Amino acid sequence: MDVFLQQLVNGLSLGGIYALIALGYTMVYGIIELINFAHGDVYTLGSFFALAVLTGLGVSGEVHGPALIGVVLVTVLAAMLCCGLTGVLIERLAYRRLRNAPRLAPLITAIGMSFILENVMQLWRGPSPVSFPSVIPNPIVHLGPIDIGAKQILVIVTAVVMMFALQLFIYRTRLGKAMRATAQDRDAAQLMGIDINTTIALTFLIGSALAGAAGFISGVYYGTTWFFNGFEAGLKAFTAAVLGGIGNIAGAMLGGFLIGLIEAMATQYIPQGAQWTNVVVFSVLVLVLIFRPSGLLGESLPEKV
Amino acid sequence: MRLGNAAVRVLAGLSIGVLAVGCSSSSTTSQSSSASSPAAAGDNSNASGGTPIKIGIEFPLSGGDASNGIPSDNGAKLAIQEANKAGVPGGFTFVADDLDDAVQGTHDPAQGAQNTKTFISDSAVLAMIGPFNSNVAKAEIPLTNDAGLAQISPAATNPGLTKGPDAKKGLTHPDVIAFFRVCTTDDKQGAAGATFAKELGKKKAFVVDDNETYGKGLADVFEEQFKAGGGTVLGHEHLNKGQGDFKALLTKIKSQGPDLVFYGGTSVTGGALLRKQMGDVGMSGVTFFGGDGISDDNFLTTAGSSANGSYYTLAAPELSKLPSAANFIKAYAANFKDPIGPYSANSYTAAKIEIAAIEAAIKANGNKVPDRAAVLKNVAATHGFASPIGTVGFDANGDTTAPILSLYKIENGKAVFVKQVNLST
């Protein structure tokens, strides 16, 4: 039982990272039905931006006291801003012209964009993994038999808070309403006076900014990053978005946490389970899609953003 | 957010330019070498002065494995430079033709096979050095065997590549082997690892490997030998390629209470992150023990301070303890700015052996370009060859006759030499 609870924590914190990336995937898909394969690389870019800011601030280890809040805020906001702008730039350069092209064209462009970002990052920080300062102290909280690191709590809480913030933004603000309208019918939305270019750019800004935050958090959590980090994480996050119902914000978070939990439990309870985690994850995905083709929450909340 | 069309075009052009730069930087070596190939191709018959003779070099030169590949590549290049400086019989010039087998940041057997085919189809290539990794070697051995192209690996340690029932399977010329190596094999490395672990007083081990030819082979030998020596193996798990979060696996391992975690695999396939995360789940007190796959700088930089207290074996001698290596260490430092790697000297030795074989074949052919078969015959006959890593030669399987293993402990972010054993029989 103790081990089960410990694996629950492991799974949730791993899933939290997936969830944060999946939110951006699902937003972009929701509004223009594009699988933005470059999103995983924007997430890696976020960790490099954050690393650059931390280096600029002269942070190389743990920070304590009030300075911690300042350092974290400055770094996260800078990483989010840089990633957000990168996302907007990618949309403007690579996707906008192809908005009315056949589906395959923007998909291939997205893959190309992903290669460009990977190569730019390889040029910038080299091909080898680079270490990331731990920044946040990681006291272990002993909850009965289980140990939870402060960083694990941070990952889980951030994912949940971001999800609720996004939900509020999309369902309670005018801009959110414009996004929902654009997602439902782009032409009609335009006729109603919504500037769809700005709305779509805004979607990329927010989605990519979330990836930037995830990049910072994963850097702090794992203590390392490298240019190819986003490939595997992006793939899992995309799977999470599909599992939860692509286009659905709550679904992306649910899918992320589920995949993290499945990986942790498969590792623990299947003999030699570590090598079978991907098989188990994708088997669950196939089963879910057979019975619920639009994902776990895909139908109950049909509005896409 | 309204950019003018012209501005968009400029930005798009810029990003394409960046892409082009990115591509060229990741494959600089292959481009520079391919530029020299048209001039060299296919004039085997006339021994005109300065005709290049190529030696194909095949290592992971980018990605996480580059900290292994580049120092090894440099070792081979140093030997070629020295040979050209000393003068090649017949007035030929040796050219290093190096290709990268890393795809998406990790060594890749399919890319290795592709590179080998490139060497084979270039008639100016008379011998080949590489690869670094055993799974890549497994893909390449049938190709060089078929073409009769002599190939020496400085670091591929999986015993099954040269020995055992599967070694000769699928070879077109099982009687004329073309693959040789100057490193010790994992049947010896795994056994030595088990002995060292017992000497450290470890009794309960948990074995993890990366499921590759090298890693799984090494881990299996360790498990078998550790059990044979009276130790208990609590479990044996395999990692997924590309995985980065091992907390769940480590929680499982921790619950079984091992006093040693043995890792078969390379740093980039999970070793470095596994060790790093042992600290996160409160296992930093458990000894981490690996093979030569974690002997690179990547392990130290990625695992950071958690790397301290780890042990690893190396399938090569410690150079600083060898008087024969002093000149090599000096020459390496004078020529390259990348630090010397654990397999630089092996790679240098492999190149030296091939150069000697080619030069002997040139002389025997009346100062004309020899054929690959003559070179291969000379390489196979190598014995008592003086090199920085000692006197080397090849046995009937193509393995080194001087298997030496060293043990290292990581202290304060640096590998500290512990001891060395010579396992020659």
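Residues numbered from 1 in each chain as written. Chains lettered and ligands numbered in written order. Predicted model: local features only at pLDDT ≥ 70, side-chain atom pairs only at ≥ 80, totals over all residues. Heavy atoms only, no water.

A. Fine view of the overall build of chain A. Tallying secondary structure elements over chain A gives eleven helices and four strands in all. Relative to the globule expectation of 19 Å for 305 residues, the C-alpha radius of gyration of chain A, 19 Å, shows essentially globular dimensions. When its C-alpha atoms are laid out on the principal axes, chain A stretches across 60 × 50 × 35 Å. Going through the 305 residues of chain A one by one, you find that 57% of them count as buried. For chain A, the proportion of contacts with a sequence separation of at least 24, taken over those separated by at least 6, is 77%. Entry remark: accessible area of chain A is about 12,200 Å², with carbon and sulfur atoms responsible for 71%. For chain A, the separation between the mean place of its 15 positive charges and that of its 14 negative charges on side chains is 10 Å. (Helix = DSSP H or I, 4+ residues; strand = E, 2+ residues; numbered from the N terminus. Rg over C-alpha atoms; globule rule 2.2 N^0.38 Å. Buried < 20%, exposed > 50% of the residue type's maximum accessible area, 1.4 Å probe, protein only. Contact = heavy atoms within 4.5 Å. Areas by Shrake-Rupley, 256 points an atom, 1.4 Å probe, with all protein chains shown as cover. Lys, Arg positive; Asp, Glu negative; His and termini not counted. Charge placed at Lys NZ, Arg CZ, Asp CG, Glu CD.)

B. Inspection of the sheet that holds strand S5 (residues 125-129) of chain B at higher detail. All names here are of chain B. Strand order across the open sheet formed by five strands is S2-S1-S5-S6-S7, with parallel pairing between neighbours. The open sheet has two edge strands, strand S2 (93-100) and strand S7 (179-181), and neither has a second partner. Each strand axis lies, on average, 25 degrees off the axis of its neighbour in the sheet, ignoring direction. Here strand S1 (residues 52-59) runs beside S2; their pairing, made up of eight bridges, is parallel. Across the sheet, the residue bridging to proline 52 is threonine 93, located in S2. (Pairing = 2+ DSSP bridges. Axes fitted to C-alpha atoms, helices over the stretch in contact; angles between N-to-C directions.)

C. Expanded view of the domain arrangement of chain B. Residues and elements named next belong to chain B. Looking at the assigned domains, one finds that chain B contains domain 1 (30-183 + 323-394) and domain 2 (186-314 + 406-422). Computed over C-alpha atoms, the centres of domain 1 and domain 2 are 30 Å apart. Taken together, the contact pairs 19 residues of domain 1 with 17 residues of domain 2. In total, about 1,400 Å² of surface goes out of reach between domain 1 and domain 2, with carbon and sulfur atoms giving 48% of it. A salt bridge links lysine 163 to aspartate 187; its shortest N-O distance comes to 3.2 Å. Taken together, domain 1 and domain 2 are joined by seven residue pairs in polar contact (both at pLDDT 80 or more). Those elements that provide at least two residues to the side of domain 1 that touches domain 2 are helix H4 (66-86), strand S4 (106-107) and helix H6 (134-147). Considering every element that reaches the side of domain 1 that touches domain 2, the biggest residue donor is H6, with three residues. (Domains from an automatic or database assignment. Buried area = accessible area lost by both parts, 1.4 Å probe. Salt bridge = Lys/Arg side-chain N within 4 Å of Asp/Glu carboxyl O. Polar contact = N/O pair within 3.5 Å; in protein donor to acceptor, adjacent residues only side chain to side chain.)

D. Region of the structure containing the side chain of lysine 247 of chain B. Structurally, the position occupied by lysine 247 of chain B is in helix H9 (residues 247-254). A distance of 3.3 Å separates a polar atom in the side chain of lysine 247 of chain B from a polar atom in the side chain of tyrosine 221 of chain A. Look past the residues within four positions of lysine 247 of chain B in its chain and what remains in contact with it is Asn10, Gln152, Tyr221 and Tyr222 of chain A together with Gln277, Asp280 and Val281 of chain B.

E. Seen up close, the interface of chain A and chain B. Each partner contributes to the interface: chain A provides 45 residues, whereas chain B provides 47 residues. Carbon and sulfur atoms supply 56% of the area buried between chain A and chain B, which totals about 3,600 Å² over both sides. Together, Arg92, Leu93 and Tyr222 of chain A form the three largest contributors to the area buried by chain A at its contact with chain B, with a combined 15%. Connecting chain A to chain B are one salt bridge. Listed by contribution, the elements that provide at least two residues to the side of chain A that touches chain B are helix H1 (2-32), helix H3 (66-95), helix H4 (104-125), helix H8 (196-222), helix H10 (249-269) and helix H11 (277-291) of chain A. A per-class count over the side of chain A that touches chain B returns 21 nonpolar, 18 polar and six charged. (Nonpolar A, V, L, I, M, F, W, Y, C, P; charged D, E, K, R; others polar.)

F. Region of interest: the packing of aromatic side chains. A full pass over the atoms with the stated rule returns 25 aromatic pairs over all chains. Between tyrosine 263 of chain B and phenylalanine 288 of chain B the ring centres are 6.1 Å apart and the planes differ by 20 degrees, which places this aromatic pair in the stacked class. Of this pair, tyrosine 263 of chain B sits in strand S10 (residues 260-264) while phenylalanine 288 of chain B sits in strand S11 (residues 287-290), and the two are 25 residues apart along the sequence. One exposure class covers both tyrosine 263 of chain B and phenylalanine 288 of chain B, and it is buried. Between tyrosine 332 of chain B and phenylalanine 336 of chain B, the aromatic rings sit 5.0 Å apart at their centres with planes inclined by 50 degrees, giving tilted as the arrangement. Classification of tyrosine 332 of chain B by relative accessible area gives buried; the value is 2%. Ring-pair connections join several aromatic residues into one group, and the members of that group are Phe222, Phe226, Phe262, Phe289 and Tyr311 of chain B. Positioned above the aromatic ring of tyrosine 221 of chain A is the side chain of lysine 247 of chain B, whose terminal nitrogen or guanidinium carbon lies 3.7 Å from the ring centre. (Phe/Tyr/Trp six-rings, centres within 6.5 Å; stacked < 30°, edge-to-face > 60°. Lys NZ or Arg CZ within 6 Å of the ring centre and 35° of its normal.)

G. Main features of the sheet that holds S10 of chain B. Residues and elements named next belong to chain B. With respect to topology, seven strands assemble into an open sheet ordered S9-S8-S10-S11-S12-S15-S16, the strand pairing being mixed. The open sheet terminates on both sides in strands that have one partner only, identified here as strand S9 (232-238) and strand S16 (414-422). Between one strand axis and the next, the sheet turns by 20 degrees as a mean value, whatever way the strands run. Inspection of the sheet shows strand S12 (residues 311-314) paired to strand S15 (residues 404-411) by four bridges, in the antiparallel sense. Bridged to tyrosine 312 within S15 is tyrosine 408. Those strands touched by helix H8 (residues 213-228) are strand S8 (204-209), S9 and S10, and its axis lies near 165 degrees from that of S8.

H. View of the confidence of the model for chain A. For chain A, per-residue confidence averages 91 on the pLDDT scale, and 98% of positions sit at 70 or higher. Mean pLDDT values over the elements of chain A span from 84, in strand S2 (residues 140-143) of chain A, up to 96, in helix H2 (residues 39-57) of chain A. (pLDDT = per-residue confidence, 0-100.)

I. Seen up close, the packing of H3 of chain A against H8 of chain A. All names here are of chain A. Running from amino to carboxyl end, H3 crosses H8 at an angle of 140 degrees, the nearest separation of the two axes being 7 Å. The orientation of H3 relative to H8 falls into the category oblique. In the packing of H3 onto H8, the handedness of the crossing is right-handed. Counted together, Val72, Thr75, Val76, Ala79, Met80, Cys83, Gly84, Leu85, Gly87, Val88, Glu91 and Tyr95 of H3 and Ile200, Ala201, Phe204, Leu205, Ser208, Ala209, Gly212, Ala213 and Phe216 of H8 form the full contact between these two elements. Across the contact of H3 with H8, the residue classes tally to 15 nonpolar, five polar and one charged. (Parallel < 35°, antiparallel > 145°, perpendicular 65-115°, else oblique. Left-handed = near helix turned anticlockwise from the far one by under 90°.)

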